[in-house]
Amino acid sequence: MSKEIEVTLPDRVVASLGDLAREERKSEQELILEALDRYISIRQFRVVADRMTAKAEKMGVHSEQDVFDRVS
């Protein structure tokens, strides 16, 4: 299922998007979808990473060396 959403972009972004679409031989829609998909994935990862960092700090794990020491 998909939903159509209207977005207004500044002229400079539209021009860059068009150039990039031609270079990559993709549609502007494909590039926008890829960019949003990547942003959402990175955002979700950061949320999980922040939660794990907070838990690790409560356990006294503050660095990669602390992790290595605990698993070695």
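Since we're looking at a predicted model, the values are computed, not measured. (Residues numbered from 1 in each chain as written. Predicted model: local features only at pLDDT ≥ 70, side-chain atom pairs only at ≥ 80, totals over all residues. Heavy atoms only, no water.)

Peer 1: Where do I start with the environment of Leu33 in this structure?
Peer 2: Along the polypeptide, Leu33 turns up in helix α2 (residues 28-58). In sequence terms Leu33 and Val47 are 14 residues apart; their C-alpha atoms lie 21 Å from each other. (Helix = DSSP H or I, 4+ residues; strand = E, 2+ residues; numbered from the N terminus.)

Peer 1: I tried to follow the environment of Val14 on my own but got confused; where do I start?
Peer 2: Secondary-structure assignment places Val14 in helix α1 (residues 11-24). With relative accessibility at 39%, the residue Val14 sits in the partly exposed group. Spatially, the C-alpha atoms of Val14 and Leu31 are 12 Å apart, while their sequence positions differ by 17 residues. Other than its neighbours up to four places away in sequence, Val14 contacts Leu9 and Glu28. (Buried < 20%, exposed > 50% of the residue type's maximum accessible area, 1.4 Å probe, protein only. Contact = heavy atoms within 4.5 Å.)

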